[in-house]
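In case you want the letters, here they are:
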Amino acid sequence: MGFKVDNISFFYGNKKIIDDITIEMESGRFYGVLGPNGSGKTTFMDLLTSHRRPVDGSVTYDGKELAAYTKKQLARRVAIVPQDFNINFPFSVADIIMMGRYPYIPRFARPAAADVEAVEAVMLQTQVFDFRH
């Protein structure tokens, strides 16, 4: 299924940033959001990830309102790749990929052997294993 955005609007104070957007986005596809600075791209992404809620309209994912998902459930289903991604800490490639496993790791727990195996498999598949450290 994927996202269904139905007549959403969003304001910052009295200024309307998102005005009556309707779109359906299928799962398993890549979508890009383009527009000039200040046109509402980041706000739209915040609405899709439940960081913000629309003033009007609704956003559903796989037929379910975003508000019905916990943050962890949504993190297991939705990923966003920003245009600019800057990490100001000395994380390794393996560390950064492991961050994608956090929705699957219990709070305050260390990654299990299965998590380490999943990260290694991804690094091999994407041919970055040699850069893991």
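Preceding block: the structure.
Computed from a predicted model, the values in this text were never measured in an experiment.

## Here's the deal with unusual backbone geometry
Moving on, step 1. Within the chain, S50 stands out as a residue other than glycine whose phi angle is a positive 70°.
Moving on, step 2. With respect to the helices and strands, S50 occurs in the loop between α1 (41–48) and β3 (56–61).
Moving on, step 3. The phi dihedral of F108 is positive, around 70°, even though this residue is not glycine.
Moving on, step 4. Here F108 is to be found in the loop between α3 (93–99) and α4 (113–125).

## A word on the layout of surface pockets
Moving on, step 1. Size it by volume and the largest pocket reaches roughly 1,800 Å³.
Moving on, step 2. Those elements that provide at least two residues to the lining of the largest pocket are β2 (15–26), α1, α2 (71–77) and α3.
Moving on, step 3. Among the residues making up the lining of the largest pocket, the classes are represented as 26 nonpolar, 11 polar and nine charged.
Moving on, step 4. Put simply, the second largest pocket is a space of about 230 Å³.
Moving on, step 5. Contributing to the lining of the second largest pocket are S92, A94, D95, M98, Y102, P111, V116, V119, E120, M123, R132 and H133.
Moving on, step 6. The element contributing the most residues to the lining of the second largest pocket is α4, with four residues.

## Observations concerning a negative patch on the surface
Moving on, step 1. On the surface, D6, D20, E24, E26 and D56 cluster together into a negatively charged patch.
Moving on, step 2. Ranked by residue count, the leading element in the negative patch is β2, at three residues.
Moving on, step 3. Note that D20 resides in strand β2.

## What about the environment of K41?
Moving on, step 1. Inspection of the secondary structure puts K41 in helix α1.
Moving on, step 2. In this structure K41 comes out as partly exposed when scored by relative accessible area, which is 24%.
Moving on, step 3. Excluding residues that lie within four positions of it along the chain, K41 makes contacts with V33, L34, G35 and P36.
Moving on, step 4. For K41, the side chain forms a polar contact with the main-chain oxygen of G35, separated by 2.9 Å.

## Observations concerning the side chain of T49
Moving on, step 1. If you trace the backbone, T49 turns up in the loop between α1 and β3.
Moving on, step 2. By relative accessible area, T49 is classed as buried at 14%.
Moving on, step 3. For T49, the side chain forms a polar contact with the main-chain oxygen of D46, separated by 3.4 Å.
Moving on, step 4. Other than its neighbours up to four places away in sequence, T49 contacts L66, K71, L74 and I80.

## Some words on α4
Moving on, step 1. Taking 1.5 Å of rise per residue, the 13 residues of α4 would be expected to cover 18 Å, and the 18 Å separating its terminal C-alpha atoms lies within 8% of that figure.
Moving on, step 2. Buried residues along α4 sit in contact with α3.
Moving on, step 3. Just past α4, the residue Q127 takes up positive phi, approximately 60°.

## Concerning a nonpolar patch on the surface
Moving on, step 1. A grouping of F85, F89, F91 and I96 is seen on the molecular surface, where their side chains present a nonpolar patch of about 440 Å² in accessible area.
Moving on, step 2. By the secondary structure assignment, F91 is in the loop between α2 and α3.
Moving on, step 3. Classification of F91 by relative accessible area gives partly exposed; the value is 40%.

Rules of the game
- Residues numbered from 1 in each chain as written.
- Predicted model: local features only at pLDDT ≥ 70, side-chain atom pairs only at ≥ 80, totals over all residues.
- Heavy atoms only, no water.
- Helix = DSSP H or I, 4+ residues; strand = E, 2+ residues; numbered from the N terminus.
- 1 Å grid on protein atoms, 1.4 Å probe; cavity = no way out; pocket = protein on both sides within 12 Å on 5 of 7 lines; lining within 4 Å.
- Points joined across faces, edges and corners; volume = space filled by probe spheres on them.
- Nonpolar A, V, L, I, M, F, W, Y, C, P; charged D, E, K, R; others polar.
- Patch = residues over 30% accessible without salt bridge, like charges linked within 9 Å, V, L, I, M, F, W, Y side chains within 5 Å.
- Areas by Shrake-Rupley, 256 points an atom, 1.4 Å probe, with all protein chains shown as cover.
- Salt bridge = Lys/Arg side-chain N within 4 Å of Asp/Glu carboxyl O.
- Lys, Arg positive; Asp, Glu negative; His and termini not counted.
- Charge placed at Lys NZ, Arg CZ, Asp CG, Glu CD.
- Buried < 20%, exposed > 50% of the residue type's maximum accessible area, 1.4 Å probe, protein only.
- Contact = heavy atoms within 4.5 Å.
- Polar contact = N/O pair within 3.5 Å; in protein donor to acceptor, adjacent residues only side chain to side chain.
- Expected span 1.5 Å × (residues − 1).

Worth remembering: the numbers are spatial, not functional.
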